[in-house]
Amino acid sequence: MALTGLEIYKQLPKKNCGECGVPTCLAFAMALASGKAALDSCPYVTEAARENLDSAAAPPIKAIKFGKDSVLGDETVLFRHDKTFYHPTTLLIHVSDSLSDDELNAKIQEIKGLEFERVGLQYSIDGVAVVQESGDAARYAKVAATVAEATDKSLLLLSNDVVALKAALEPLASRKPLIGSATADNYEAVVNLAKDNSVPVIIKAEGLEALEELVTKAQALGYKEFVLDPGSRTTVNTLENLTQFRRLAIKKKFRPFGFPVITFTSNQDPMEEIMEATVYVAKYASAVVLKTSKKAHLLPLMTLRQNIYTDPQKPIQVEPKLHSVGNVDENSPFYITTNFSLTYYSVEGEVETSKIPSYILPIDTDGTSVLTAYAAGKFEPEKIVEAMNASGIADKVKHRNIIIPGYVAVISGKLSELSGWKVVVGPRESSGIVSFSKTLS
Ligand code: B12
């Protein structure tokens, strides 16, 4: 439970020295309670108080780093629109050590091919969960080593056998894999293995009460690099657990659940599996382990993830500079639009389909759509002329025609007057561009 300002104040030195940058210890305590100050600013705090207060001032969900740039947790809100979500759900593909060598290589190749480009952004799968299902410790270590060698993706090593886990982990410790799972039966050995190798570890127990108890015991071993697994494997139970974790961690600052949470899909049908995973990505899994590694299944999931983990206050934008589509020349049509990614790529896609090499100039409208920008005074003729001049379009084409979106036909007179160019009003929807382009010549 979070400490109040007064509870924090009781543990401060009460010198009112002001060296922390705040005039009194009470004001400093209030700032600490609301997360606006760091305890390190107080030079006189005792070690005992530091131990208590550090945890009070710690973020509600600890950031756990592993593998290649994977960061789990460190979220501060329940709802994205309250501020933003920071660390996109890490997606890992399940790879069993019971696969044959050929099947393993095929799976690895498929995983390596999971790279997508969409609306100017690069998507890829973050990691591989190497799961021991063979019962053979040597085979497990070999498969883990093969996966590690074939890809630089983040690794999760999962085995119920501590000896197998150790054999697979030790040669790969420099890759900082996440390991698991520590359960009530083996937690001392597994947590100590993680601690000795400085890697994070999954703490798994059936249900929230058992998990709270196990986290507390595991922390008593002097380690805190934990990822939680409440053991649920149905969508509804997992969603319920994920919601409880997030609420307790953020609203109540309940420390035993102040860690990221990992989930595992259980549906066998890949389409059902992706639907299950979308629930976990939406609320509130830090990592999801999936079985399918097919591009067609994963792209919608990654698109959803990308949408959820953008800052709602900052629309995705393209660079407001002159873009060319195809092998442009001095006769190429010249389109203008806005720099909101959704708008720009809707237009760019249709221009590309028209097969007529063209120039497109997205105007800097702070990433807003055509009508939003127009209504906010960000798509004004003066601004468009300024952007045209800065882009050097007049030297690139010999015609003097600007094609504008149909929705802002109203600006054509003034734009024509200010620019000296002929303004051609295009269709309202980008879907009309292909047939419209055939009328240009
Ligand atoms: Co608003 N908003 N909004 N808005 N918003 C709407 C645009 C609308 C129409 C709602 C309404 O009243 N019916 C009005 C505009 C009215 C008008 O002028 N006719 C409106 C208003 C008034 C505002 C505000 C001024 C409200 C206020 O504060 N009083 C503010 C202004 C914000 C600011 O910056 N100060 C406002 C705010 C917002 C938020 C909530 C911030 C979001 C903005 C998100 C964003 O733009 N990044 C917002 C949205 C989402 C919308 C909404 C619902 C959808 C806009 C959208 O994203 N469209 C619309 C309503 C609606 O359209 N359903 C209102 C999708 C994109 C892809 O469409 O840019 O127009 P698009 O592009 C298409 C076409 O224009 C065409 O292709 C695209 C696909 O067809 N196209 C073409 C694009 N470029 C080109 C180029 C050429 C050459 C051609 C041929 C075609």
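Along each chain, the written sequence defines residue order, and numbers are assigned to residues from 1. The model is predicted, so local features are restricted to residues of pLDDT at least 70 and side-chain atom pairs to those at 80 or more, both for listing and for counting; the totals for chains, interfaces and linings are taken over all residues. The basis for the side-chain values is all heavy atoms of the structure; hydrogens and waters are excluded.

Per an unreviewed UniProt entry, the recorded name for the protein is CO dehydrogenase/acetyl-CoA synthase gamma subunit (Corrinoid Fe-S protein), and the organism is Desulfosporosinus meridiei.

Student: Just checking my understanding: could you explain the UniProt feature "binding site: 5-methoxybenzimidazolylcob(I)amide" (unreviewed entry) in the protein for this structure?
Tutor: UniProt positions are given in the numbering used here, feature names are shortened, and annotations may be inferred rather than shown by experiment. The UniProt record annotates "binding site: 5-methoxybenzimidazolylcob(I)amide" (unreviewed entry) at Thr337, Thr343, Gly367, Thr368, Ser369, Val370 and Ser430. Numbered from the N terminus, helices here are DSSP runs of H or I no shorter than four residues, and strands are runs of E no shorter than two. For Thr337, the location among the structural elements is in strand E14 (residues 334–338). Judged by its relative accessible area of 2%, Thr337 falls in the buried class. By definition in these notes, contact holds between two residues if any of their heavy atoms fall within 4.5 Å. Each residue touching Thr337, except ones within four places of it in the same chain, is listed here: Thr343, Tyr344, Val347, Ile360, Leu361, Pro362, Ile363, Val370 and Phe379. A 1.4 Å probe rolled over the protein chains alone gives each residue an accessible area, and that area as a share of the maximum for its type sets the label: buried under 20%, exposed over 50%, partly exposed in between.

Student: Please clarify how the packing of helix H4 (residues 101–112) against helix H5 (residues 137–150) should be interpreted in this entry.
Tutor: The relative placement of two packed helices comes down to the angle between their axes together with the axis-to-axis distance. Angular values range over 0 to 180 degrees, each being the angle between N-to-C directions of two axes fitted as lines to C-alpha atoms, with helices fitted over their stretch in contact. Contact geometry for H4 and H5: axes closest at 11 Å, N-to-C directions at 35 degrees. Note that H4 runs across H5; the crossing there is right-handed. Residues Asp101, Leu104, Asn105, Ile108 and Lys112 of H4 form the contact with H5, whose participating residues are Arg139, Lys142, Val143, Thr146, Val147 and Ala150. In terms of residue class, the contact of H4 with H5 is made up of five nonpolar, two polar and four charged. When the near helix sits turned anticlockwise from the far one by under a right angle, the crossing is termed left-handed; a clockwise turn instead gives a right-handed crossing. Under the scheme applied here, ten amino acids are nonpolar (Ala, Val, Leu, Ile, Met, Phe, Trp, Tyr, Cys and Pro), four are charged (Asp, Glu, Lys and Arg), and all others, including Gly, are polar.

Student: Explain the sheet that holds strand E11 (residues 262–264) to me, please; I cannot follow it from the model alone.
Tutor: Backbone hydrogen bonds are what pair the strands of a sheet, in a parallel or an antiparallel way. At least two bridges found by DSSP between two strands is the condition for calling them paired. If you trace the eight strands from one edge of the open sheet to the other, you get E10-E9-E8-E7-E6-E3-E12-E11, paired in parallel fashion. Of all the strands in the sheet, the pair left with one neighbour each is strand E10 (226–229) and E11. Averaged over all pairs of adjacent strands, the angle between their axes in this sheet comes to 25 degrees, without regard to strand direction. With three bridges connecting them, strand E7 (residues 154–158) and strand E8 (residues 178–182) associate as parallel partners. Opposite Leu156, over in E8, you have Leu178 as the bridge partner. Each of strand E3 (90–96) and strand E6 (127–131) touches H4; the most contacted strand, E3, lies at about 165 degrees to it.

Student: Would you mind going over the site of the ligand with me for this structure?
Tutor: Here a residue counts as near a molecule or strand whenever at least one of its heavy atoms sits within 4 Å of it. In the vicinity of the ligand, 29 residues are found, and the nearest of them are Thr337, Thr343, Ser369, Val370 and Glu429. Two N or O atoms form a polar contact when they lie within 3.5 Å of each other; inside protein one atom must be a possible hydrogen donor and the other a possible acceptor, and for residues adjacent in sequence the pair counts only when both atoms belong to side chains. Residue Ser369 places a main-chain N or O atom 2.8 Å away from an oxygen atom belonging to the ligand. The backbone of Arg428 places a nitrogen or oxygen atom 3.5 Å from an oxygen atom of the ligand. Counting only elements with at least two residues in the shell around the ligand, the list comes to E14, helix H12 (341–354), helix H13 (370–375) and strand E16 (401–404).

Student: Would you take a moment to explain the environment of Cys17 for this structure?
Tutor: If you trace the backbone, Cys17 turns up in the loop between helix H1 (5–11) and helix H2 (25–33). In the structure, Cys17 is positioned 27 residues away from Tyr44 in sequence and 9.6 Å away in space, judged by C-alpha atoms.

Student: So what exactly am I meant to see when it comes to a nonpolar patch on the surface here?
Tutor: A cluster of nonpolar side chains, namely Leu371, Tyr374, Tyr407 and Val410, defines an oily patch on the protein surface of about 350 Å² accessible area. Structurally, Leu371 can be placed in helix H13. Among the residues examined, Leu371 registers a relative accessible area of 40% and is labelled partly exposed. Patches draw on residues past 30% relative accessible area with no salt bridge. Two like charges within 9 Å are joined, as are two nonpolar side chains (Val, Leu, Ile, Met, Phe, Trp, Tyr) within 5 Å. Exposure was quantified through the Shrake-Rupley algorithm and a 1.4 Å probe, taking into account, for residues, occlusion by the shown protein chains and nothing else. When a carboxyl oxygen of Asp or Glu is within 4 Å of a side-chain nitrogen of Lys or Arg, the pair counts as a salt bridge.

Student: What is the right way to read the packing of H5 against helix H6 (residues 162–169) from this model?
Tutor: Running from N to C, H5 and H6 point in directions that differ by 30 degrees, and their axes come no closer than 8 Å. One finds that H5 runs roughly parallel with respect to H6. At the point where H5 passes H6, the crossing takes the right-handed sense. For the pair formed by H5 and H6, the contact residues are Ala137, Tyr140, Ala141 and Ala144 on the first element and Ala164, Leu165, Ala167 and Ala168 on the second. A class-by-class count of the residues in the contact of H5 with H6 yields eight nonpolar, no polar and no charged. Put simply, angles under 35 degrees are roughly parallel, angles over 145 are roughly antiparallel, angles from 65 to 115 are roughly perpendicular, and the rest are oblique.

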